[in-house]
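# Chain and residue survey
For reference, the chains in residue letters:
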Amino acid sequence: MVDLKSQYAFIRNEVQASIEEVLDTTSYINGPAVKSFQEDLQEYLGVKHVIPCANGTDALQIALMGLKLKPGDEVITADFTFAATVEVISLLQLKPVLVDVDSKTFNIDPALIEAAITPKTKAIIPVHLFGQIADMDAINSIAKKHNLYVVEDNAQGIGARYGSVNDIKTMTGTLGHVAATSFFPSKNLGAYGDGGAIITNDDDLAHFIRGIVNHGMYERYYHDVVGVNSRLDSIQAAVLKVKLKYLDFYNERRKEASIRYTNLLSNHPNIITPHRKLACDSHVFHQYTLRIINADRDALVAYLNTHDIPCGVYYPVPLHRQKAYADPEVNEASFPVTNQLVKEVISLPMHSELTTDQIAFISGKVLSFLKEN
Ligand SMILES: *Cc1c(COP(=O)(O)O)cnc(C)c1O
């Protein structure tokens with residue numbers, strides 16, 4: 001699905017020099033490399049605070065801890081996302097309230113959010129799924145009206161730009177009160193191990209969170225709140241610092257690949273290609289995900305695999321049907337879109353190193369399967 005080997009070949013010398021610097025300073029935890037990456041990312045995002053941490057799931061959990069929600073408080077999020085988004089809500093003894101998604105963007109449907117709000121609702125977590133920005137203007141205005149926090153799950157959307165007020169472009173991760181992102185190796189900005197970050201413009205929240213990530217300490221060995229231990233390694237920061245310089249280039253390459261795929265695959269009766277808003281950088285194609293309609297998606301997956309083409313089904317089960325999160329009070333009929341999507345979606349290889357030939361080969365196999373079946 002990704003080609004980290006070719007990507008590494010291109011930046012090998014820079015990455016090795018950056019890692020060597022860490023090895024020479026022997027500052028492996030919270031060293032200068034972490035601070036330097038943090039500052040670079042703040043500048044890139046145009047945000048006041050980036051707080052690096054151990055992974056994207058921690059980042060989400062810590063962002064929610066920062067909001068001081070109480071057990072039983074409700075958090076609204078999408079039914080169609082990676083489980084980490086709801087896992088942290090449940091871990092903190094908050095109640096995940098799942099909402100169906102929009103069939104075009106695969107993101108939380110703002111029209112359904114208001115009906116899910118109760119007096120216990122405290123936050124909304126939009127997920128920029130597959131790299132497509134959620135409908136943040138609508139979500140933010142609902143949040144404002146009902147006095148709710150907005151926590152962006154930006155694990156799949158880093159580098160995307162949202163064209164909002166007066167067409168000023170704002171980076172994902174800076175569109176709500178606080179955001180979480182992941183540097184898992186296959187993410188658009190991937191480390192060579194685990195990593196994540198919390199992002200916010202709120203000075204007080206940033207201060208509070210900086211303590212949470214470090215055992216609740218604001219002064220050494222004085223623990224004011226119950227925190228966690230969640231750190232980004234200096235070596236990962238050294239890798240990320242190099243790769244951040246290429247993030248726009250990588251995302252541009254993903255967009256070019258998506259256009260090539262779409263040119264080859266659109267206008268087919270069994271395929272719906274990804275929705276993309278015109279003249280907007282609002283999609284960074286973490287995944288290139290098709291809907292296969294009136295055809296056997298699972299047979300297509302098997303067919304591609306026999307031709308050595310990797311592909312993925314993100315996600316095969318909606319969260320409301322996962323054993324860990326199933327709620328007997330929830331009505332199956334509330335999720336027509338997710339229930340349909342889980343049967344139809346297939347993600348094709350998508351990364352910054354895809355060649356025109358590879359895209360033609362993969363698309364050709366998808367089309368020949370649909371012709372034969
Ligand atoms: C990857 C991902 C996460 C979790 O990130 P990790 O670094 O793997 O913990 C959370 N939410 C979404 C939508 C993701 O894709």
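Every chain is numbered independently, its residues counted from 1 as its sequence is written. Confidence filtering applies because this is a predicted model: local features only for residues at pLDDT of at least 70, side-chain atom pairs given and counted only at 80 or more, and all residues used for totals across whole chains, interfaces and linings. The basis for every side-chain value is the complete set of heavy atoms in the structure, and neither hydrogens nor water enter the calculation.

Among the five residues of strand 5 (residues 149-153), four are classified as buried, and the element is accordingly described as predominantly covered. Orient the strands so they point away from the viewer; a crossover is then right-handed if the path from the first strand over the helix to the second runs clockwise. Note on conventions: DSSP H or I runs of at least 4 residues are helices, E runs of at least 2 residues are strands, and numbering of each starts at the N terminus. Handedness of the strand 4 (residues 121-125)-helix 6 (residues 136-146)-strand 5 crossover: right-handed. Here, any two strands with at least 2 DSSP bridges between them count as paired. In this structure, strand 5 lies alongside strand 8 (residues 178-182), joined through three bridges in parallel fashion. When the sheet's bridge partners are listed, V151 is paired in strand 8 with V178. Any residue under 20% of the maximum accessible area for its type is buried, any over 50% is exposed, and the rest in between are partly exposed; the area is computed with a 1.4 Å probe on protein chains only.

For the rest of this paragraph, the subject is unusual backbone geometry. Across the junction of Y314 and Y315, the peptide omega takes the value 5°, indicating a cis bond. If you trace the backbone, Y315 turns up in the loop between helix 10 (297-306) and helix 11 (336-344). Positive phi outside glycine occurs at K68, with the angle close to 55°. For K68, the position within the fold is in the loop between helix 3 (56-66) and strand 2 (74-78).

Every angle, taken between N-to-C directions, lies between 0 and 180 degrees, and every axis is a line fitted to C-alpha atoms, over only the stretch in contact when it is a helix. Their axes nearest at 9 Å, the elements helix 1 (residues 4-25) and helix 8 (residues 234-245) cross at an angle of 140°. Regarding the angle of helix 1 to helix 8, the classification is oblique. Crossing angle aside, the handedness with which helix 1 passes helix 8 is right-handed. Every residue of helix 8 that contacts helix 1 at Q7, I11, E14, V15, S18, I19, V22 and L23 is listed here: S234, I235, A238, V239, V242, K243 and K245. Basically, the charged four are Asp, Glu, Lys and Arg, the nonpolar ten are Ala, Val, Leu, Ile, Met, Phe, Trp, Tyr, Cys and Pro, and anything else, Gly included, counts as polar. For the contact of helix 1 with helix 8, the residue count by class is nine nonpolar, three polar and three charged. Convention used here: angles under 35 degrees read as roughly parallel, angles over 145 as roughly antiparallel, angles from 65 to 115 as roughly perpendicular, and any remaining angle as oblique. Here is the rule for handedness: rotate from the far helix to the near one, and if that takes an anticlockwise turn smaller than a right angle the crossing is left-handed, while a clockwise turn gives right-handed. Working rule for contacts: check all heavy atoms of both residues, and any pair within 4.5 Å makes them a contact.

With that settled, the discussion passes to the nonpolar core. Residue types Ala, Val, Leu, Ile, Met, Phe, Trp, Tyr and Cys, when buried and joined through side-chain atoms within 4.5 Å, form a set referred to as a nonpolar core. If you look at the biggest cluster of nonpolar residues, it comprises 32 residues, and the most contacted ones within it are I76, F80, I113, M136 and I139. Contributing elements (two or more residues each) for this core: strand 2, strand 3 (95-99), helix 5 (110-116), helix 6 and helix 11. An automatic or database domain assignment supplies the start and end points of every domain. Counting residues domain by domain, this core receives three or more from each of domain 1 (4-99 + 107-244) and domain 2 (247-372). The residues touching I139, leaving out its near neighbours within four places in the chain, are I108, I113, I124, P126, A134 and V150. Counting residues in each nonpolar core, the second largest holds 26 residues, with L60, A63, I198 and L205 among its members.

By convention in these notes, a salt bridge is any Lys or Arg side-chain nitrogen within 4 Å of a carboxyl oxygen on Asp or Glu. Following the criterion strictly, the structure yields 11 salt bridges and no others. For the salt bridge of K122 with D73, the shortest nitrogen-to-oxygen distance reads 3.3 Å. Pair noted here: K122 is in strand 4 and D73 is in the loop between helix 3 and strand 2, with a separation of 49 residues, a long-range link. Here R291 ties to E344 by a salt bridge, and the two come within 2.8 Å at their closest N and O atoms. Taken together, the positions of R291 in strand 13 (residues 288-292) and E344 in helix 11 put the pair 53 residues apart, joining distant regions of the chain.

Time to look at the domain arrangement of the protein chain. Per the domain assignment, the segments making up the protein chain are domain 1 (4-99 + 107-244) and domain 2 (247-372). Between domain 1 and domain 2, the contact holds 35 residues from the first and 30 residues from the second. Accessible-area loss on putting two parts together, using a 1.4 Å probe and summing over both, is the definition of buried area adopted here. Of the roughly 2900 Å² buried between domain 1 and domain 2 on both sides combined, carbon and sulfur atoms contribute 58%. Broken down residue by residue, the surface that domain 1 buries against domain 2 is led by F80, F130 and N188, which jointly contribute 26%. At the junction of domain 1 and domain 2, the tally comes to one salt bridge. Ionic pairing is found between D248 and R161, a salt bridge with its closest N-O pair at 3.1 Å. Pairing of N or O atoms within 3.5 Å defines a polar contact, subject to two protein rules: one partner must be a possible hydrogen donor and the other a possible acceptor, and residues neighboring in sequence count only if both atoms are side-chain atoms. At the junction of domain 1 and domain 2, the tally comes to 18 residue pairs in polar contact (both at pLDDT 80 or more). Elements with a contribution of two residues or more to the side of domain 1 that touches domain 2: helix 1, helix 4 (84-91), strand 3, strand 6 (161-163) and helix 8. Residue composition of the side of domain 1 that touches domain 2, by class: 16 nonpolar, 12 polar and seven charged.

Attention now goes to the sheet that holds strand 14 (residues 345-348). Taking strand neighbours across the sheet as the criterion, the three strands line up as 12-13-14 in an open arrangement whose pairing is antiparallel. A single partner strand is all that each edge strand has here, and the edge strands are strand 12 (271-272) and strand 14. Alignment of strand 12 against strand 13, held across two bridges, turns out to be antiparallel. Paired with I272 across the two strands is R291, which belongs to strand 13. Here helix 10 sits on the sheet and contacts strand 13 and strand 14; the angle it forms with strand 14, its principal contact strand, is near 20°.

Of all residues adjacent to the ligand, which total 15 residues, the nearest are G56, T57, Q156, S182 and K187. At 2.8 Å from a nitrogen atom of the ligand is found a side-chain nitrogen or oxygen belonging to D153. Only the protein chains shown count as covering a residue, and every accessible area follows the Shrake-Rupley method with a 1.4 Å probe. Computed on the free molecule, the ligand has an accessible area of 380 Å², of which 92% lies beneath the protein chains in the complex. Every element with two or more residues in the shell around the ligand is listed here: helix 3 and helix 4. Here the shell around the ligand gets three residues from one element, more than from any other, and that element is helix 3. The nearness test applies per residue and asks whether one of its heavy atoms lies within 4 Å of the molecule or strand.

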